[in-house]
Protein chains: 2
Amino acid sequence: MSKLIDIPAAAEFLKNCRDVHILIHMNPDGDCIGSGYSLQAVLKLLGKRAKVVCMDPIPERFQFLLPEEQEEEFPAGNIISVDCADESRFGTFRETYAGKVELCIDHHISNDGYAHQAYVEPDASSACEVLYKIYRELGVTFNEQIAKCLYTGIATDTGCFKFSCTGADTHLIVSEIMREFPQIRYDLINRKMFDVKTPSRIRAEMLMLSQMEYHLDGKCTMIWETKAICKENHINQKDMEGLTSLPLQPDGVEVGITLREQDDNWYRISLRSTDQVNVSEICAKFGGGGHVRAAGCQMQGTADEIRTTLLNAVAKALA
Amino acid sequence: MSKLIDIPAAAEFLKNCRDVHILIHMNPDGDCIGSGYSLQAVLKLLGKRAKVVCMDPIPERFQFLLPEEQEEEFPAGNIISVDCADESRFGTFRETYAGKVELCIDHHISNDGYAHQAYVEPDASSACEVLYKIYRELGVTFNEQIAKCLYTGIATDTGCFKFSCTGADTHLIVSEIMREFPQIRYDLINRKMFDVKTPSRIRAEMLMLSQMEYHLDGKCTMIWETKAICKENHINQKDMEGLTSLPLQPDGVEVGITLREQDDNWYRISLRSTDQVNVSEICAKFGGGGHVRAAGCQMQGTADEIRTTLLNAVAKALA
């Protein structure tokens, strides 16, 4: 298990580290990208070399968070992970980094303690919110890139301040960032993150909404992003990314499930809960994890098998 | 023109008023409802009689903001309007109240100065944000109802903190409200305001998306909520309410227009802008008004006439 440290100790670690590899998770999202690249920028301000390490490329819409200069290659002096609850989140980079992460900064209640030391705030909205506090402890002066990274991470992980993970601290931190950098067009970041859609994305959403399954008296909804559906409807599977909030749209839903077909009957599964159900507990049964109202896991089987297994678990949680 | 007063003077007015009629606008939204009912609650805390006056009923999803006790009827001692830029916003109540509003509290840059006195903050996200500052000046201790009213008003007028009207003050105020009332389920308010949809609402959105018009090289989009479309598709026109952000979904859109058919070839028109265009100026040409990135007006004519008129105005603004 990780040695649990506090904010001053985490800041102290950052002061003393060098040649840092910053690990973020596979299928990178706004929070791990904002965390990784803000940390890189902060470490550079402290005069250190640092690079962000991810098995997947950074999606196009997050490219504005990256530094302008080309990233250097160098062997790891110290290894830090951000927003990674366990080592499986490193994906294929697990082999290289397993057992070697010296400091993990995270906000997942399911963090399994894989790092030598960890600072985890399960009540924080996002890893970026946790990092903001550590940066303030360090006393570094932010630049625009750091501000944009932190804002984007917090906004994306809270669904633009909509989800239950959003707290008084979340809004206070964003208020401070906006006060310091009023010139940043946060509305355009939000538009890019939440509103802008390609025509094929709009078709994908309409398709998923029209095919949504209603189970357990409408308390549980499912959408299936299968290869066959994508192919039939000429939709790139990429356009199906991040549709996990769609199943929560109908009134009365308690748990909304998004199932994304991978290879060989494997499905990547996202569960979202509106109120009653702790989906982190459900996902933990299947080797996954996450937060109380947003969690994920992977399962292998036919659609029928997986549907039955999940509905049993959700019905039990609702009972 | 109104005498423009400051926050202490507005607070002083509230201290000295009695038997207050609080006017909110027709087709009431979260901000005017939150403003009206928070002001009523604050005035009650100050020992005064106050009631909210609106020509339209308060929609079902905002009923949780209303006080539990039955509202009293009494003649107006003082008259205050909130979130109303001009007297046309009173609708049929204009006859009764025109020329009689003693204090207007608002955040519309297009406020035309109809009230005897006014406190208007065009930079504020919402009327609720303005009222929050006045309540703090008054020094009243909030209760849960006031907190919910203010949160709901701010959240709805900012699109859950997504729009450009959201500032450092907005987030700071929400942070203070959440710190004081951590027990309120803000996530469920957000869900009710932004996410929950009836099956017929979901169908309405899919229909509008599939029929969206692309003009001016995709820089201007339009959706038409006509009676014929509603009838053909068995959609209640109520389910078309508040679809004004749909036309902004496609990448590259500068102005998104929603046209809602009323009677006798009249259309209620909402314009939304993503970045470049001041839609308040466009709407002003047609007797309407609003904010830089969200404004409205009414026009009479055939769909073809109105389409041409609007596209000319938008093309000019884009040039």
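What counts and how
- Residues numbered from 1 in each chain as written.
- Chains lettered and ligands numbered in written order.
- Predicted model: local features only at pLDDT ≥ 70, side-chain atom pairs only at ≥ 80, totals over all residues.
- Heavy atoms only, no water.
- Salt bridge = Lys/Arg side-chain N within 4 Å of Asp/Glu carboxyl O.
- Helix = DSSP H or I, 4+ residues; strand = E, 2+ residues; numbered from the N terminus.
- Contact = heavy atoms within 4.5 Å.
- Buried area = accessible area lost by both parts, 1.4 Å probe.
- Polar contact = N/O pair within 3.5 Å; in protein donor to acceptor, adjacent residues only side chain to side chain.
- Nonpolar A, V, L, I, M, F, W, Y, C, P; charged D, E, K, R; others polar.
- pLDDT = per-residue confidence, 0-100.
- Axes fitted to C-alpha atoms, helices over the stretch in contact; angles between N-to-C directions.
- Phe/Tyr/Trp six-rings, centres within 6.5 Å; stacked < 30°, edge-to-face > 60°.
- Buried < 20%, exposed > 50% of the residue type's maximum accessible area, 1.4 Å probe, protein only.
- Lys NZ or Arg CZ within 6 Å of the ring centre and 35° of its normal.

Participant: How should I be thinking about the pattern of salt bridges in this particular structure?
Facilitator: Side chains that differ in charge, positive against negative, can pair when their charged atoms come close. A complete count under the given rule lists 41 salt bridges over all chains for this structure. Between A:Lys44 and A:Glu69 there is a salt bridge; the shortest N-O distance is 3.2 Å. One end of the pair, A:Lys44, is in helix H2 (residues 30-45); the other, A:Glu69, is in the loop between strand E3 (50-53) and strand E4 (78-82), and 25 residues separate them in sequence. Here B:Arg201 and B:Glu205 are joined by a salt bridge, their closest N and O atoms 3.5 Å apart.

Participant: Can you help me understand the interface of chain B and chain A in this one?
Facilitator: The interface of chain B with chain A comprises 39 residues on the first partner and 39 residues on the second. The junction of chain B with chain A conceals about 3,400 Å² of combined surface from both sides, 55% of it contributed by carbon and sulfur atoms. Among the residues of chain B in contact with chain A, B:Lys162, B:His171 and B:Arg191 are the three that bury the most area, contributing 19% of the side total. Where chain B touches chain A, the interface holds 7 salt bridges. The interface formed by chain B and chain A includes 21 residue pairs in polar contact (both at pLDDT 80 or more). Of all the secondary structure elements, the ones that give two or more residues to the side of chain B that touches chain A are helix H6 (168-180), helix H7 (186-195) and helix H8 (199-210) of chain B. For the side of chain B that touches chain A, the element with the most residues is H6(B), which contributes 8 residues. Partitioning the side of chain B that touches chain A into residue classes produces 18 nonpolar, 10 polar and 11 charged.

Participant: Help me understand the confidence of the model for chain A, please; the structure alone is not making it clear to me.
Facilitator: Detailed reading of the predicted model is not advised wherever pLDDT is low. Looking at chain A as a whole, its pLDDT mean stands at 94, while 100% of the residues score no less than 70. Listed scores for the predicted complex are pTM 0.89 and ipTM 0.89.

Participant: Looking at this model, I keep getting lost on the packing of helix H4 (residues 127-138) of chain A against helix H5 (residues 144-157) of chain A. Mind explaining?
Facilitator: Residues and elements named next belong to chain A. Contact geometry of H4 with H5 gives a least axis separation of 8 Å together with a crossing angle of 145°. Each of Cys128, Glu129, Tyr132 and Tyr135 in H4 lies in contact with H5, whose residues at this interface are Cys149, Leu150, Gly153 and Ile154. Of the residues in the contact of H4 with H5, the class split is 6 nonpolar, 1 polar and 1 charged.

Participant: I'm lost on the packing of aromatic side chains in this one. Help?
Facilitator: Aromatic ring pairs: the centre-centre distance and the angle between the two ring planes describe each pair. A full pass over the atoms with the stated rule returns 15 aromatic pairs over all chains. Ring geometry for A:Trp224 versus A:Tyr267: centroids 5.4 Å apart, planes at 90°, classification edge-to-face. One end of the pair, A:Trp224, is in strand E8 (residues 220-225); the other, A:Tyr267, is in strand E10 (residues 266-273), and 43 residues separate them in sequence. A relative accessible area of 8% places A:Trp224 in the buried class. On the basis of an interplanar angle of 90° and a centroid distance of 6.1 Å, the ring pair of B:Tyr135 and B:Phe142 is categorised as edge-to-face. Here B:Tyr135 falls in the buried class, since its relative accessible area comes to 0%. Among the aromatic side chains, those forming a connected cluster through ring pairs are A:Tyr151, A:Phe161, A:Tyr186, B:Tyr151, B:Phe161 and B:Tyr186. For A:Arg136, the ring lying beneath its charged end belongs to A:Phe142, and the centroid distance is 4.2 Å.

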